[in-house]
Amino acid sequence: MEVIGDLPRELFLKILLRLPVESLMRCKCVCKYWYALISNPKFIELHLRYNCNNNVCVLLKRCLLTCLGERENILSLVCSNGFSFVNLDVDLSLYKKEPCLQLLGHCDGIICLSNYRDDIVLCNPATRESMVLPESSLPCYSPRSNLIPQTSALGFGYDAKTHHCKVVRIVSYWEERSGSDLPQHSRVEVYSLATGSWKEIDIQVPAHVWYSPCFETYFNGAFHWYAIDNNRNEVILSFHMGNEAFQVIPMPNALSLYDYSICRSLFVWKGCIALVVYPRKGTKKSFEIYVMKEYGVRESWTNIMTIGPLMKVEMPLAFWKNDEILMEGSDGLVVSYNLNTQELKDLPIYGVPKSFATLVYVNSLVSVKGGNQILDEGNNTDFGW
């Protein structure tokens, strides 16, 4: 058995797999062998798999006020050990003061951020690596002079066919001064880390994406948005990253028609899509939870429970550890609600009200540039596993 220092090689590798990304980045500087080992795509894959099974966190985006009264975005990790949290030292200079910064999704330790106007950024908060995506392949003008283009939807997820992440963008064209709240038509493009470029796909968008707080979710190989179809029914619009096709998923029967007084948020809970419905306004709110037990089947929606009424709770943020749900309080504090004990607990996390966004997140060594090849020739590190 090969020995590294005083440790057998197999034990040494198992120790490395359990180290956080920050420690592994420092270990790469020890020697060429350690650098080659930690940079090896197989090691990166095994390290990611270990964290997916053992170290899932919640990535929290919030705004804080500076001493000058300006808003600044900050990213924090909420960990399962006693709800501890740590602020991430990530260079967000592009979006630090952007009030409309959105977290679009998470894939293998990479997150996607955008302000829906200019740039789209991929970032690995653990390695502090980031990349601005190249310009869109769609022209910024419309063939018809009276139509105004606008990015109406962005999504980020993993394509199991190519084993790379993708960004999907929907650009809608609105008729100037028409008074309609629906666009005339839409176009779709996809950016793939496999190719490093955008491509337009010839596909019809079957529903129009509208904003709903904490709704955009990646699940089951597809990204999901809240949308309204041509009959004014509210639906879930999904885009599958593998076959690059849209699917319209119906809402529960009780939510077939749009109601502005009601908010809807979408999450993944216990391996299923979970929809949380709650009032838009009020100091005391109840939260109904629906679960789609069979993906895409309307009849499988089940109303499993109602939370509350709760005082001074604005909206849900993320399901946490299966029996906890993180929520935003009306005073800008984050609270945790236990679904079993019905206990509401304040967490030492605060921010500007309604500036919160969350993603279920896993630290990784995966590169935002789409490749994880080491610099040494041959890439011959043999794991023997």
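Each value, and the rule that gives it
- Residues numbered from 1 in each chain as written.
- Predicted model: local features only at pLDDT ≥ 70, side-chain atom pairs only at ≥ 80, totals over all residues.
- Heavy atoms only, no water.
- Disulfide = S-S within 2.5 Å.
- Helix = DSSP H or I, 4+ residues; strand = E, 2+ residues; numbered from the N terminus.
- Buried < 20%, exposed > 50% of the residue type's maximum accessible area, 1.4 Å probe, protein only.
- Core = buried A, V, L, I, M, F, W, Y, C linked by side-chain atoms within 4.5 Å.
- Contact = heavy atoms within 4.5 Å.
- Polar contact = N/O pair within 3.5 Å; in protein donor to acceptor, adjacent residues only side chain to side chain.
- Pairing = 2+ DSSP bridges.
- Expected span 1.5 Å × (residues − 1).
- Phe/Tyr/Trp six-rings, centres within 6.5 Å; stacked < 30°, edge-to-face > 60°.
- Axes fitted to C-alpha atoms, helices over the stretch in contact; angles between N-to-C directions.

*Asks:* Help me understand the state of the cysteines, please; the structure alone is not making it clear to me.
*Replies:* For the structure on display, the rule yields one disulfide. Bridging Cys107 to Cys165, the disulfide has an S-S length of 2.3 Å. Disulfide Cys107 to Cys165: torsion about the S-S bond roughly -80°, handedness left-handed. In this pair, Cys107 sits in strand E6 (residues 102–107) while Cys165 sits in strand E11 (residues 164–175), placing the two residues 58 residues apart along the sequence. Residue Cys107 is classed as buried on the basis of its relative accessible area, which comes to 3%. For Cys165, a relative accessible area of 6% puts it in the buried group. In this structure Cys29 is a free cysteine whose sulfur lies 8.9 Å from that of Cys27, the closest cysteine sulfur available. Owing to a relative accessible area of 68%, Cys29 belongs among the exposed residues under this scheme. As a non-bridged cysteine, Cys31 has Cys27 as the owner of its nearest cysteine sulfur, 9.7 Å distant.

*Asks:* Would you explain the nonpolar core in this entry?
*Replies:* Taken as a class, soluble globular proteins show a tendency for nonpolar side chains to be buried jointly. If you look at the biggest cluster of nonpolar residues, it comprises 48 residues, and the most contacted ones within it are Leu59, Ile111, Leu122, Leu133, Phe156 and Val167. What Leu122 contacts, discounting residues up to four positions off in sequence, is Ile110, Ile111, Cys112, Glu129, Ser130, Met131, Leu133, Phe156, Val167, Leu193 and Val368. With 31 residues, the next largest nonpolar core counts Val291, Leu310, Ile325 and Leu347 among its residues.

*Asks:* Can you help me understand the side chain of Glu189 in this one?
*Replies:* Inspection of the secondary structure assignment puts Glu189 in strand E12 (residues 185–192). Among the polar contacts made by the side chain of Glu189, one reaches the side chain of Arg169 at a distance of 2.7 Å. Setting aside its immediate chain neighbours within four residues, Glu189 contacts Ser136, Ser137, Leu138, Val167, Val168, Arg169, Trp198, Lys199 and Glu200.

*Asks:* Which parts of the structure should I look at to understand the pairing of strand E26 (residues 344–350)?
*Replies:* Consecutive residues of a regular strand have side chains that alternate between opposite faces of the sheet. Bridge count between strand E25 (residues 333–338) and E26: four bridges; the pairing is antiparallel. Note that in E26 the partner of Val335 across the bridge is Asp346. The antiparallel pairing of E25 with E26 creates a hairpin that spans five residues between the two strands, and Gln342 there sits at a positive phi of about 60°.

*Asks:* Can you walk me through helix H4 (residues 41–54) in this structure?
*Replies:* Note: α-helices contain 3.6 residues per turn, so residues at a spacing of three or four share the same orientation. End to end, H4 covers 20 Å across 14 residues, agreeing with the expected 20 Å (1.5 Å per residue, within 8%). Regarding H4, the residues found buried are Phe43, Ile44, Leu46, His47, Leu48 and Asn51. On its buried face, H4 is in contact with helix H1 (9–17), helix H2 (21–27) and helix H3 (32–39). A side-chain oxygen of the first residue of H4 lies 2.8 Å from the backbone nitrogen of Lys42; this N-cap is Asn40.

*Asks:* How should I be thinking about the packing of aromatic side chains in this particular structure?
*Replies:* Geometry of an aromatic ring pair is reported as the spacing of the ring centres plus the angle between the planes. Evaluated as defined, the whole model comprises nine aromatic pairs. For the pair Phe267 and Phe319, a centre-to-centre distance of 5.6 Å together with 80° between the ring planes defines the contact as edge-to-face. Of the two residues, Phe267 is situated in strand E19 (residues 262–269) and Phe319 in strand E23 (residues 313–320); the sequence distance between them amounts to 52 residues. Here Phe319 falls in the buried class, since its relative accessible area comes to 8%. One aromatic cluster in this structure is built from Phe267, Trp269 and Phe319.

*Asks:* Quick question: what am I supposed to make of unusual backbone geometry here?
*Replies:* Peptide bonds are trans in most cases, and residues, glycine excluded, mostly fall at negative phi. Each neighbour pair has its own omega, and for Gly308 with Pro309 the value is 15°, a cis peptide bond. Among the structural elements, Pro309 can be located in strand E22 (residues 301–311). A positive phi angle is found at Asn220, which is not glycine, with a value near 60°. Residue placement: Asn220 occurs in the loop between strand E15 (217–219) and strand E16 (222–228). The phi torsion at Glu244 lies on the positive side, around 55°, for a residue other than glycine. Inspection of the secondary structure assignment puts Glu244 in the loop between strand E17 (234–240) and strand E18 (245–250).

*Asks:* Help me understand the sheet that holds strand E9 (residues 129–132), please; the structure alone is not making it clear to me.
*Replies:* Across a sheet, paired strands are connected by hydrogen bonds in the backbone, their directions being either parallel or antiparallel. Taken together, the four strands give an open sheet; going across it, the order is E6-E7-E8-E9, and neighbouring strands pair in antiparallel fashion. Each end of this open sheet is capped by a strand with a single partner; those strands are E6 and E9. Each strand axis lies, on average, 20° off the axis of its neighbour in the sheet, ignoring direction. Two strands pair when backbone bridges link them, and strand E7 (residues 110–114) and strand E8 (residues 120–124) are joined in this way by four bridges, in the antiparallel orientation. Residue pairing for E8: Cys112 is matched across the bridge by Leu122.

*Asks:* How should I be thinking about the sheet that holds E23 in this particular structure?
*Replies:* Spatial strand order, E23-E24-E25-E26: four strands in an open sheet with antiparallel pairing. The sheet is open, and its two borders are formed by E23 and E26, each paired with just one other strand. On average, each strand axis in the sheet is inclined to that of its neighbour by 30°, with strand direction left out of account. Both E23 and strand E24 (residues 324–329) contribute to a ladder of six bridges, which runs antiparallel. Residue pairing in the sheet places Trp320 in a bridge with Glu324 of E24.

In short, the description is geometric, and any link to function would need to be established separately.
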